[in-house]
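# Report on the structure
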Amino acid sequence: MLTFVGLGLYDERSITVEGRDALRAADRAVAEFYTSRLVGTSVEALEAHHDVDIEIRDRAGVEQNPEPILDAAESEDVVFLTAGDSMISTTHVDLRLRAIDRGIETRVVHGVSASSAASGLTGLQNYRFGKAVTLPFPRAHGADGVPASVVESVAANRERGLHTLVYLDIKVDDGRGEDAGETFMTADVAADILAEEWPDTLAVAVARAGSPTPVVDADRLSALATRDFGDPLHLLVIPGDLHHIEADALETLGGAPEKLVDAVTV
């Protein structure tokens, strides 16, 4: 069996009880942390807390060379771990389909994802979100400013009155010796990039969702670009039209300026 387990958002305790039980009962545990990270813990802390050994696979080891994972799952119970939810944003449907094609039984144990946390922390209704986007570092797409695909998606959502969830880039060391380690795009950097297109547009920064001290801050993109939101992980939301309860939530939970919120409340 191959079981996909989402670890949740922050540390070794963010996993669900069902996921914890599956992890501890598995013959083998494999994880990837190139799509997202649990910034409140470490692999060593995860292993100690759950009394398991965890094999870390890089992107190539999951997407291009998954055979060792699948080979093991043919004769053992293997758990595949990711931050958040394994099938939301950090989607691994391809790996699941490969397993099914080889006759391997699969199941999914869902974890709390950034998409649900963004709605829950900001008070924005989840069914009023449109297409999500990822904002890359400029060097990742070879140009300055906002990528055209992001502009088009945000504009299309706003035209329909829908909110946009903006995931922020994580650069993982690619082994080429440049900028070794990990770099997390922060909400102020993202806001500064997006303000080139929409300086006076209302946006919401969310930092450390799932931690004991999450931050929600709502203001113009140009204003958010000047603030320090602390440690990662961060994300941004660009609201569309606001229901009056959503407007109240952004003012109460995120400190949004009343006049700015009133301008987009329907």
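Now for a quick tour of the structure. Since this is a predicted model, take the numbers as computed values, not measurements.

Turning to the packing of aromatic side chains, a few remarks are in order. Evaluation of the coordinates by the stated rule reveals 1 aromatic pair. For the ring pair Phe-4 and Phe-80, a centre distance of 5.7 Å and an interplane angle of 65 degrees mean the geometry is edge-to-face. Placement of the pair is Phe-4 in strand 1 (residues 2–6) and Phe-80 in strand 4 (residues 78–82), with a sequence separation of 76 residues. The exposure class of Phe-80 is buried, given its relative accessible area of 0%.

The next point concerns unusual backbone geometry. In this structure, the amide linkage connecting Pro-232 to the following residue, Leu-233, adopts the cis form with an omega of 5 degrees. Among the secondary structure elements, Leu-233 is positioned in the loop between helix 10 (221–224) and strand 12 (234–238). For Asp-51, which is not a glycine, the phi torsion comes out positive at approximately 55 degrees. Among the structural elements, Asp-51 can be located in the loop between helix 2 (43–50) and strand 3 (54–56). Although it is not a glycine, Arg-208 sits at a positive phi angle of roughly 55 degrees. Position of Arg-208 among the secondary structure elements: in the loop between strand 10 (202–207) and strand 11 (215–220).

Sheet strands line up and pair through hydrogen bonds in the backbone, either parallel or antiparallel. Here we have 5 strands laid out as an open sheet, ordered 6-7-12-10-11, and mixed in their pairing. For this open sheet the edge positions go to strand 6 (133–135) and strand 11, each flanked by a neighbour on one side alone. Across the sheet, the axes of successive neighbouring strands diverge by a mean angle of 25 degrees, strand direction being ignored. Here strand 7 (residues 164–168) pairs with strand 12 via 4 bridges, running antiparallel. For Thr-164, the partnering residue across the bridge sits in strand 12 and is Ile-238. Contacts from helix 8 (residues 148–159) reach strand 6, strand 7 and strand 12 within the one sheet, and its direction differs from that of strand 6 by about 135 degrees. Lying on the sheet, helix 11 (residues 244–254) is in contact with strand 10 and strand 11; it crosses strand 11 at an angle near 115 degrees.

Moving on, we get to the nonpolar core. Among the nonpolar cores identified, the biggest contains 26 residues, and Leu-135, Val-166, Leu-168, Met-185, Leu-194, Leu-221 and Leu-236 are the most heavily contacted of them. Elements with a contribution of two residues or more to this core: strand 6, helix 8, strand 7, helix 9 (187–194), strand 10, helix 10 and strand 12. Among the elements that take part in this core, helix 9 stands out by supplying 5 residues, more than any other. If sequence neighbours within four positions are ignored, Met-185 has contacts with Leu-135, Pro-136, Phe-137, Leu-168, Asp-169, Ala-190, Ile-193 and His-234. Of all hydrophobic cores here, the second largest spans 21 residues; its members include Phe-129, Ala-209, Leu-235 and Val-237.

Conventions we followed
- Residues numbered from 1 in each chain as written.
- Predicted model: local features only at pLDDT ≥ 70, side-chain atom pairs only at ≥ 80, totals over all residues.
- Heavy atoms only, no water.
- Phe/Tyr/Trp six-rings, centres within 6.5 Å; stacked < 30°, edge-to-face > 60°.
- Helix = DSSP H or I, 4+ residues; strand = E, 2+ residues; numbered from the N terminus.
- Buried < 20%, exposed > 50% of the residue type's maximum accessible area, 1.4 Å probe, protein only.
- Pairing = 2+ DSSP bridges.
- Axes fitted to C-alpha atoms, helices over the stretch in contact; angles between N-to-C directions.
- Contact = heavy atoms within 4.5 Å.
- Core = buried A, V, L, I, M, F, W, Y, C linked by side-chain atoms within 4.5 Å.

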